[in-house]
Amino acid sequence: MALRSTLVPKSQSGAALRPSARTGRVSGRRQSIDQPVASLFDGQSLPRPRPKSIAPRSKLVAAGRLVVVANRLPVNYAEGQAPAQWSRSTGGLVTAVESVMKLRSSVWVGWAGAAGRAIKPLKFDGIALRPVGLTAKEVEDFYHGMSNRTLWPLYHDAIRTPEFRRRWWHCYQEANRHFARAAISVAGRNDVIWVHDYHLQLVPRMIREARPKARIGFFMHIPFPPEELFAWLPWRTSIVRGLLGADVIGFQTAENAQNFSRLARRYAGAEGTDSELQSEGRRIRVGAFPISIDFDSFERLAAQRQVIELAESIRQRLDPDRTVILSVDRLDYTKGIEFRLHALEELFRQRRLSVQKCVFVQIAIPSREPLPDYAKIRTEIERTVGRINGQVSEPGRVAVHYFRRSVSREELVAYYLAADIMLVTPLRDGMNLVAKEYVACRRDHTGVLVLSEFAGAAKELRRALLINPRDIDGLASTLVQAVNLPAEDAKKRMAILRMKVRRHDVLHWAESFLDALSPPSAD
């Protein structure tokens, strides 16, 4: 599946790299992208969304402030710097929520990324920030411990065995109190409080106890486990009761929402259906609100000439006649990186894929490197990459290009434009915005998305080639199918995928959640 690209004249700034007419298989350069890079870019803020995409009745521009409460601020504080140095945070949560906050009066409550006393409130890129202070012990026990060694693996199908330590739980409770107090200190009577993710599951109830009339929403960005897994948690009732402090509890998929509702009835005495619960005299809505991306801003970025030129440069260095298979992930054991490498190794070894005709590019963003499981997966991946390249690479033809580093937003988009196939194989993922970002980049409808059925995005992106990442034989066969997919089939699939992501963008996600959180009408 070769691909030759030509740059368009400078006056045609909206044009994309053009696909090769040499082959009937899927090929091509796409040139539009979409929204916030799902947590994987470093650098600048995203372009502001176009106002035309917001309905006049939208809760995004409603009266009253939006108070976002999340583990991290959208910026990181560099310790020991004078004057204070700030850098933009990465992450799907940041890139999604930030674009929403710029549309209405808002304040963001979160940790600045450094241990110590809270920094004074400030503004960054037009957003009011209320930093929360965490001690070194709280960073270790609340963040690295309870959040990332207990809840993260448990909520991701126990891919790694979660650890249950009482001191971590006690610190998790205390840290949640810090965030709740900070939110209460800035929230006015008419403000909407929107709490995010697994780090802060006790915060809704803590706020509710202090502000009984507050409108509180909670959104879970990662998967929520089924009953048989959640039952492992010694503090399961406290977690469920903490979440029930919200008026609306949102999840990525309907299955996740159903999991929670069943647990609320089992462990917290709630009554009602999977979509509406009653607890302690209050009505709580539970539902699926699939998060998405800012389609328009990605599309504009992918149309920029310098990004197109960078994509063309990447193609030339990889060899424009080779099929480029791309993966972009945080370096995390939930992403299935080792499984996709094993499938590629077998394909190269069996000569079902040729190193002369195909190349795989893996961008792995460093993540939680001090934790033992992350150091282990990094070692395994790097060993496998070395083995594949040692066995099948030839002079001038490297089989696997592996980059363990953060990339700029522009570089990431260029890689999306350069890739013929996007390989997304998480073992379990709440959504996976990378899959949506790649789709948004394919303005000429070329390219193939190979997507794990265990990513939340698979519920929406059904015209991708769906795979079970643990099925090495099935994954390998699907990759061969993707390489040889007829161009017309690929274009039909991509057109449908793009329509879905365009219609259900990040503003649609935010508006649907905030609509649900609005007070019931008088009648």
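Refer to the preceding data block for the structure.
Residues numbered from 1 in each chain as written. Predicted model: local features only at pLDDT ≥ 70, side-chain atom pairs only at ≥ 80, totals over all residues. Heavy atoms only, no water.

Caption draft 1: Spotlight on the nonpolar core. Grouped together as the largest cluster of nonpolar side chains are 102 residues, with contacts concentrated most on Y155 and F260. In terms of residue count, helix 3 (residues 166-186) provides more of this core than any other element does, 10 residues in total. If sequence neighbours within four positions are ignored, F260 has contacts with F224, V240, L243, L244, I249, F251, L277 and V286. Grouped together as the second largest cluster of nonpolar side chains are 76 residues, A112, F219, A302 and W509 included. (Core = buried A, V, L, I, M, F, W, Y, C linked by side-chain atoms within 4.5 Å. Buried < 20%, exposed > 50% of the residue type's maximum accessible area, 1.4 Å probe, protein only. Helix = DSSP H or I, 4+ residues; strand = E, 2+ residues; numbered from the N terminus. Contact = heavy atoms within 4.5 Å.)

Caption draft 2: Structural view of the pattern of salt bridges. One pass over the structure, following the stated rule, counts 34 salt bridges. With a shortest N-O distance of 3.3 Å, R65 and D191 are connected by a salt bridge. With R65 in the loop between strand 1 (41-42) and strand 2 (66-72) and D191 in the loop between helix 3 and strand 8 (192-196), this residue pair connects regions lying 126 residues apart in the sequence. Given the relative accessible area of 9%, D191 is considered buried. In this structure, D274 engages R265 in a salt bridge whose closest nitrogen and oxygen atoms are separated by 2.9 Å. Here the salt bridges do not stand alone but share partners, grouping R205, E209, R241 and E280 into one network. (Salt bridge = Lys/Arg side-chain N within 4 Å of Asp/Glu carboxyl O.)

Caption draft 3: Examining the sheet that holds strand 5 (residues 106-111) more closely. Here 10 strands make up an open sheet; going across it, the order is 6-7-5-2-8-9-10-13-12-11 and the pairing mixed. A strand with exactly one partner marks an edge of an open sheet, and here the two such strands are strand 6 (122-124) and strand 11 (271-272). Relative to strand 8, strand 2 runs parallel, the two sharing 4 bridges. Each residue of the ladder has a partner; that of L66, found in strand 8, is V192. (Pairing = 2+ DSSP bridges.)

Caption draft 4: Representation of the packing of aromatic side chains within the structure. If you walk through the whole model with that rule in mind, you get 20 aromatic pairs. A centroid spacing of 5.8 Å and a plane angle of 45° characterise the contact between F142 and Y172, whose relative ring orientation is tilted. Pair noted here: F142 is in helix 2 (residues 136-155) and Y172 is in helix 3, with a separation of 30 residues, a long-range link. Taken individually, F142 and Y172 each receive the classification buried, so the pair is uniform in this respect. Through a chain of ring-to-ring contacts, three or more aromatic side chains come together here, namely F142, W169, Y172, F179 and W235. Above the ring of W152, the side-chain terminus of R368 is found at 4.2 Å from the ring centroid. (Phe/Tyr/Trp six-rings, centres within 6.5 Å; stacked < 30°, edge-to-face > 60°. Lys NZ or Arg CZ within 6 Å of the ring centre and 35° of its normal.)

Caption draft 5: Region of the structure containing the sheet that holds strand 19 (residues 448-452). Within the open sheet, the 6 strands sit side by side as 16-15-14-18-19-20. Their pairing is parallel. Strands at the two margins of the open sheet, each flanked by one partner only, are strand 16 (400-404) and strand 20 (465-467). With direction set aside, neighbouring strand axes in the sheet form an average angle of 20°. Bridge count between strand 15 (residues 358-365) and strand 16: 5 bridges; the pairing is parallel. Note that in strand 16 the partner of I363 across the bridge is F403. Contacts between helix 14 (residues 472-483) and the sheet are confined to strand 14 (323-330), strand 15, strand 18 (421-424), strand 19 and strand 20, with strand 20 contributing the most and set at about 170° to the helix. (Axes fitted to C-alpha atoms, helices over the stretch in contact; angles between N-to-C directions.)

Caption draft 6: Broad picture of the packing of helix 9 (residues 305-318) against helix 12 (residues 409-418). Axis separation between helix 9 and helix 12 bottoms out at 8 Å; the angle between their running directions is 60°. As the angle between them shows, helix 9 and helix 12 are arranged oblique. When you trace helix 9 past helix 12, the crossing you get is right-handed. Listed contacts from helix 12 to V307, I308, L310, A311, I314 and R315 of helix 9 are E410, E411, V413, A414, Y415, L417 and A418. Classifying every residue of the contact of helix 9 with helix 12 gives 10 nonpolar, no polar and 3 charged. (Parallel < 35°, antiparallel > 145°, perpendicular 65-115°, else oblique. Left-handed = near helix turned anticlockwise from the far one by under 90°. Nonpolar A, V, L, I, M, F, W, Y, C, P; charged D, E, K, R; others polar.)

Caption draft 7: Highlighting the packing of helix 10 (residues 337-349) against helix 11 (residues 372-392). Here helix 10 crosses helix 11 at 10°, and the two axes come no closer than 10 Å. On the basis of the axis angle, helix 10 is roughly parallel to helix 11. In this structure, helix 10 contributes I337, E338, L341, H342, E345 and F348 to the contact, and helix 11 contributes I377, I381, T384, V385, R387, I388, Q391 and V392. In terms of residue class, the contact of helix 10 with helix 11 is made up of 8 nonpolar, 3 polar and 3 charged.

On their own, these measurements won't tell you what the molecule is for.
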